[in-house]
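What follows is each chain in one-letter form.
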Amino acid sequence: MMTPTRYIVLVLTIFISLHYILSITHEEYGKATSVSRLTNYIHGPQPPYKEGVPEQYYKPSDPFPPPERKANATFVMLVRNTDGPGIMNSMKQIEDRFNKKFQYPYVFLNDKPFTENFKKYISQLTDAPVEFGLIPPEHWKQPEWIDEQKAAAAREDMVRNNVIYGGAYRNMCRFNSGFFYRQELLQKYRYYWRVEPDVKYFCDIDYDPFLLMQDQNKVYGFTISLYEYETTIPTLWSSVKEFLNENPDLLPADNALPFISDDGGLTYNRCHFWSNFELGDMDFWRSEAYTKFFDYLDSQGGFYYERWGDAPVHSIGAALFANRSQIHFFNDIGYRHEPFQHCPQGDIHKNGKCWCDPGSNFDYEWYSCLNRYDKMF
């Protein structure tokens, strides 16, 4: 004889089975008893968009075939949690213009732990691998040997004299100059593409810039070059010359000194590659020459007592220790970081389906250094 509990279970089993059979064999019954319809009965009618677009209207994206060759490379993004919207904007453009086809990984770096929400929404933008790293304090914070009283006085003086970014960005500039490529997550990679929040990529990139760098033995690539603010680097060049006097054997014969000096190295003309966009070879930064160079500059304290930026430091390092043929202008990559932009011209603009105005192009404006780069060849 069945107990009441067994009887209830048997009735429920029969009911569920009949419901399942009727849902399959009778379409109208299935619609009438659907979860969404039952929800309407409980909560009242819902707006039509709540049910979403029926599957029949979707056209699945055709997957791109994997590339035959890839370089050992990654995107690098140094961001804060609050940079989420801006870096998602930049990353979406990278994906649409380039990385859907090539599937290079991303490495995100932060001096604070990334939030789960940040990691979730970033990872949804790509099918490529994404890693999130925490910068060690010794790679980010002001060194203990820096005289903070002297550094604070320098910051206050720059702010008082309206020097651009006079009171900020010291740790970031030092990190980008000499520590980003030392991060654990980047040790397995050779090439990198730096991406910042809220930049614009105007053109389709239908070839692999990383492979171009690898196959043509390039070590540094740029899209915009310009003059540095002299008030941020008053003693940088004197420190560079002191280092070179002690290490003359580190300079290759065909370097790019003419890009950064008009008088054979006596003075610095302040030209630099704008490093918010750069494709580079991290093994070049890891080399003996650049390591000695950065360590010497770091020992002078100019990242804190002045405001030495990673753009002039990288640019001077690349110009001095690489052959000029190893520095590449990516003329076909349309790019904007406020307030300047590089917009490809002529057939390159057409072939790249670029959406920038060719008339708005920084290449040969009076504050651009591209003509100095051109004259080296």
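Since this is a predicted model, take the numbers as computed values, not measurements.

**Some details on the overall build of the protein**
1) Next: Looking only at helices and strands, the protein features 17 helices and 12 strands.
2) Next: The buried share of the protein, reckoned over its 377 residues, is 47%.
3) Next: By element, 55% of the accessible surface of the protein is carried by carbon and sulfur atoms, the whole surface being about 20,200 Å².

**Section: the state of the cysteines**
1) Next: In total, this model carries three disulfides according to the counting rule given.
2) Next: Disulfide pairing places Cys203 opposite Cys354 at an S-S distance of 2.0 Å. Sign of the S-S torsion, about 115° for the bond between Cys203 and Cys354, identifies this disulfide as right-handed. With Cys203 in the loop between β5 (200-201) and α9 (209-215) and Cys354 in the loop between α16 (346-351) and α17 (370-374), the pair connects residues that are 151 residues apart, well separated along the chain. In terms of burial, Cys203 and Cys354 fall into one category: buried.
3) Next: Each sulfur of the disulfide joining Cys271 and Cys369 lies 2.1 Å from the other. Judged by the sign of its S-S torsion, about -85°, the bond between Cys271 and Cys369 is left-handed. Placement of the pair is Cys271 in strand β8 (residues 271-273) and Cys369 in the loop between α16 and α17, with a sequence separation of 98 residues.

**Some remarks on the packing of aromatic side chains**
1) Next: Applying the stated rule across the entire model yields 50 aromatic pairs.
2) Next: Summarising the aromatic geometry, the rings of Phe75 and Phe210 are spaced 6.1 Å apart at their centres and angled 70° between planes, so their arrangement reads as edge-to-face. Residue Phe75 is located in strand β1 (residues 73-78), and its partner Phe210 is located in helix α9; the two are separated by 135 residues in the primary sequence. There is no split in this pair, since Phe75 and Phe210 are both buried.

**Brief notes about the environment of Met213**
1) Next: In this fold, Met213 is placed in helix α9.
2) Next: Here the alpha-carbon distance between Met213 and Ala71, two residues 142 residues apart in the chain, equals 8.9 Å.
3) Next: Among all residues touching Met213, those that are not within four sequence positions of it are Tyr191, Lys218, Val219, Tyr220, Gly221, Leu279, Gly280 and Phe330.

**Re the pairing of strand β9 (residues 278-281)**
1) Next: Here β9 shows two buried faces, one formed by Glu278 and Gly280 and the other by Leu279 and Asp281.
2) Next: As paired elements, strand β4 (residues 191-194) and β9 share four bridges and run antiparallel to each other. Residue pairing in the sheet places Tyr192 in a bridge with Gly280 of β9.

**Focus on the sheet that holds β5**
1) Next: Pairing within the open sheet is antiparallel, and its three strands lie in the order β5-β11-β12. Edge positions in the sheet fall to β5 and β12 (340-342), since each of these pairs with one other strand and no more.
2) Next: Judged from the two bridges that link them, β5 and strand β11 (residues 335-337) form a sheet pairing that is antiparallel. Paired with Lys200 across the two strands is Arg336, which belongs to β11.

**As for unusual backbone geometry**
1) Next: Between Glu338 and the following residue, Pro339, the backbone shows a cis peptide bond with an omega angle of 5°.
2) Next: Inspection of the secondary structure puts Pro339 in the loop between β11 and β12.
3) Next: Despite not being glycine, Arg270 shows a phi value in the positive range, around 75°.

**Quick look at the packing of helix α10 (residues 236-246) against helix α15 (residues 310-321)**
1) Next: Relative orientation of the contacting elements α10 and α15 amounts to 30°, with a least axis distance of 12 Å. When you trace α10 past α15, the crossing you get is right-handed. Residues Leu236, Trp237, Val240, Phe243 and Leu244 of α10 form the contact with α15, whose own contacting residues are Pro312, Ile316, Leu320 and Phe321.
2) Next: For the contact of α10 with α15, the per-class residue count stands at nine nonpolar, no polar and no charged.

Analysis parameters
Residues numbered from 1 in each chain as written. Predicted model: local features only at pLDDT ≥ 70, side-chain atom pairs only at ≥ 80, totals over all residues. Heavy atoms only, no water. Helix = DSSP H or I, 4+ residues; strand = E, 2+ residues; numbered from the N terminus. Buried < 20%, exposed > 50% of the residue type's maximum accessible area, 1.4 Å probe, protein only. Areas by Shrake-Rupley, 256 points an atom, 1.4 Å probe, with all protein chains shown as cover. Disulfide = S-S within 2.5 Å. Phe/Tyr/Trp six-rings, centres within 6.5 Å; stacked < 30°, edge-to-face > 60°. Contact = heavy atoms within 4.5 Å. Pairing = 2+ DSSP bridges. Axes fitted to C-alpha atoms, helices over the stretch in contact; angles between N-to-C directions. Left-handed = near helix turned anticlockwise from the far one by under 90°. Nonpolar A, V, L, I, M, F, W, Y, C, P; charged D, E, K, R; others polar.

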